[in-house]
Amino acid sequence: MRASLANLVGELQQGLGRTEAAISAFRMAADLAPAGKPRLRALLGLGHGLSVLDRFEDAMAVLDVAQHESEELGLPVEQSRIHTLRGNAHFPRGEFARCLAEHTEALRLAEASGAMEEQARALGGLADANYMQRRYRSACEMFQRCVDVSAAQGFRRIEAANLPMLSLMKLMELEFAAADRHIKRAVQIADQIGSRRAAMMAYLEFYGLYYETDRPNLAFEACAESLAIARSLGARRFVAFGLMVQAQKEAAAGDPRASATMREASEITRETPAFVLPWLLGLAAIMARSDEERAAALAEGEEVLAAGALSHNFLWFNRYAIEACLAAKDWAGIERYAAALERSMAEEPVPMTDFLVARARALAAAGRGQKDPTELKRLLAEANRVGWRMMVPSLETALAS
């Protein structure tokens, strides 16, 4: 009974975003519980909590114990969950092949045992694995399947966790209304069930949507909300992202604290560089106060990408690099980073990256005095049609120059 109650306390604390308290409860349950499902329940909760705190090696050690015990007892549902948790731990470290293999095995076990909840989790994991490798169209299909299964079966926690990523995929497709709809539903469900982590991700995607539609105040407010939740969860990777955006806001306002904020974000980001370090370096290039500082940030960003990083870094680093070169009137640099972005998305291009590449080349040509008014007008019309207001000013300036 004590073990069962400790497990329940751990799950409730986890749901409320109190990760350290959840870990303590699960440790107690694991120590008290006899071999079997109660102990596995504790080990799975403990493994999840350690991953939230980015303590991946500790999490993997716990999951290894859980897998050994679940295999001895012949419990395929628990085995599926273990593989899902392992895949989730591989994701932020950019371990593509391992992430895909773990989630594939999780889905196989879930389907074989008829466990719909684990199937939904595995589909979300496979979506993440495709996302890692810049297969955004495939990821979108998987996220949609995950959300549909979760909504139909009433798995609201899984639905809330995956809706923000589905929203991001719709953003890539330049379907801003759909993206907005999915984020709002994610926030609604997260508030209803008290899922702080799902809320954190949703507010992060609100930042992205508001940023693209040129509503900076709303964007920074959403990111501040996400940062506050990340701090409460102890989710350092997302704390770093929030600080990075805070530095962007401070720099735009001429706030001298921007450099210190960016430095703190950089220190945390370097703990798991594959997750978001190139993205940060691209932003640092935009915020640079000299040509040398900008060149150093861009050079390091390229090095980290070459060593291996999560997919979003290829998009955002190259996009910010284009903007940094545009501000510096480095037309060759614009074209180089546009080509890099195009190459990185060659397997499954999406409308967002196609547009960014075409815009970069059109603006570079205009900067050289070789303006193509037809192409600039086409891009401007497309930006206005989909509501991508962030893209409008540079195109209008190029047309008018």
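Since the model is a prediction, treat every value here as computed from it, not as a measurement.

Rules of the game
Residues numbered from 1 in each chain as written. Predicted model: local features only at pLDDT ≥ 70, side-chain atom pairs only at ≥ 80, totals over all residues. Heavy atoms only, no water. Helix = DSSP H or I, 4+ residues; strand = E, 2+ residues; numbered from the N terminus. Rg over C-alpha atoms; globule rule 2.2 N^0.38 Å. Buried < 20%, exposed > 50% of the residue type's maximum accessible area, 1.4 Å probe, protein only. Contact = heavy atoms within 4.5 Å. Areas by Shrake-Rupley, 256 points an atom, 1.4 Å probe, with all protein chains shown as cover. Lys, Arg positive; Asp, Glu negative; His and termini not counted. Charge placed at Lys NZ, Arg CZ, Asp CG, Glu CD. Salt bridge = Lys/Arg side-chain N within 4 Å of Asp/Glu carboxyl O. Phe/Tyr/Trp six-rings, centres within 6.5 Å; stacked < 30°, edge-to-face > 60°. Lys NZ or Arg CZ within 6 Å of the ring centre and 35° of its normal. Core = buried A, V, L, I, M, F, W, Y, C linked by side-chain atoms within 4.5 Å. pLDDT = per-residue confidence, 0-100. Axes fitted to C-alpha atoms, helices over the stretch in contact; angles between N-to-C directions. Parallel < 35°, antiparallel > 145°, perpendicular 65-115°, else oblique. Left-handed = near helix turned anticlockwise from the far one by under 90°. Nonpolar A, V, L, I, M, F, W, Y, C, P; charged D, E, K, R; others polar.

Trainee: Report on the overall build of the protein chain, specifying residues and quantitative values.
Mentor: Helices and strands together make up the secondary structure of the protein chain, namely 21 helices and zero strands. At 22 Å, the protein chain has a C-alpha radius of gyration in line with the 21 Å of a compact globule built from 401 residues. Here the C-alpha coordinates of the protein chain stretch approximately 75 × 40 × 35 Å along the principal axes. Counting every position in the protein chain, which comprises 401 residues, the buried fraction comes to 58%. For the protein chain, long-range pairs separated by at least 24 residues make up 59% of all intrachain contacts whose partners lie at least 6 apart in sequence. Of the roughly 16,800 Å² that the protein chain leaves accessible, carbon and sulfur atoms contribute 52%. For the protein chain, the distance from the average site of its 47 positive side-chain charges to the average site of its 52 negative ones is 3 Å.

Trainee: Can you break down the pattern of salt bridges residue by residue, with the values?
Mentor: It is possible for side chains bearing opposite charge to pair when their charged atoms get close. Following the criterion strictly, the structure yields 27 salt bridges and no others. We note a salt bridge from Asp 180 to Lys 184, for which the minimum N-O separation is 2.9 Å. Remark: Lys 184 and Asp 180 occur in helix α10 (residues 176-193); sequence separation between them is four residues, near one turn of the helix. For Asp 180, a relative accessible area of 18% gives the class buried. Given a relative accessible area of 48%, Lys 184 falls into the partly exposed group.

Trainee: Now, about the packing of aromatic side chains: what can you tell me, with residues and values included?
Mentor: This model, assessed by the stated rule, comprises 14 aromatic pairs. Relative to Tyr 320, the ring of Trp 316 lies with its centre 5.5 Å away and its plane at 55°, an arrangement referred to as tilted. Residue Trp 316 and its partner Tyr 320 are located together in helix α17 (residues 311-327), separated by four residues, close to a single helical turn. As far as burial versus exposure is concerned, Trp 316 and Tyr 320 are alike and both buried. Here the aromatic residues Tyr 207, Tyr 211, Phe 241, Trp 279, Trp 316 and Tyr 320 are joined through ring pairs into a cluster of three or more. Here the basic side chain of Arg 237 rests over the ring of Phe 275, its NZ or CZ set 4.8 Å away from the ring centre.

Trainee: Requested: an account of the nonpolar core, with residues and values cited.
Mentor: The biggest cluster of nonpolar side chains holds 119 residues, and the ones touching the most others in it are Met 169, Tyr 207, Met 244 and Trp 388. Take this core: its biggest share by element is eleven residues, from helix α11 (residues 196-212). Setting aside chain neighbours within four positions, we find Trp 388 in contact with Leu 174, Phe 176, Glu 212, Arg 319, Met 352, Phe 355, Leu 356 and Ala 383. Ranked by size, the runner-up nonpolar core spans 20 residues in total, among them Ala 22, Ala 29, Val 62 and Leu 75.

Trainee: Help me get a handle on the confidence of the model for the protein chain, residues and values and all.
Mentor: Looking at the protein chain as a whole, its pLDDT mean stands at 94, while 100% of the residues score no less than 70. At the level of individual helices and strands, the protein chain shows its lowest average pLDDT in helix α6 (residues 96-113), which scores 92, and its highest in helix α20 (residues 373-386), which scores 98.

Trainee: Account for the packing of helix α5 (residues 76-90) against α6, naming residues and giving values.
Mentor: Put simply, α5 and α6 touch, their axes get as near as 8 Å, and they point 160° apart. Relative to α6, the element α5 lies roughly antiparallel. Of the two possible hands of crossing, α5 and α6 adopt the one that is left-handed. Contacts between α5 and α6 involve Pro 76, Val 77, Gln 79, Ser 80, His 83, Thr 84, Arg 86, Gly 87, Asn 88 and His 90 on the former and, on the latter, Arg 98, Cys 99, Glu 102, His 103, Glu 105, Ala 106, Leu 109, Ala 110 and Ser 113. Residues that form the contact of α5 with α6 fall into these classes: six nonpolar, nine polar and four charged.

Trainee: Could you give an account of helix α21 (residues 392-400), naming the residues involved and the relevant values?
Mentor: Along α21, the positions that sit buried rather than exposed are Val 392, Ser 394, Leu 395 and Ala 398. Buried positions along α21 lie against α19 (351-367) and α20.

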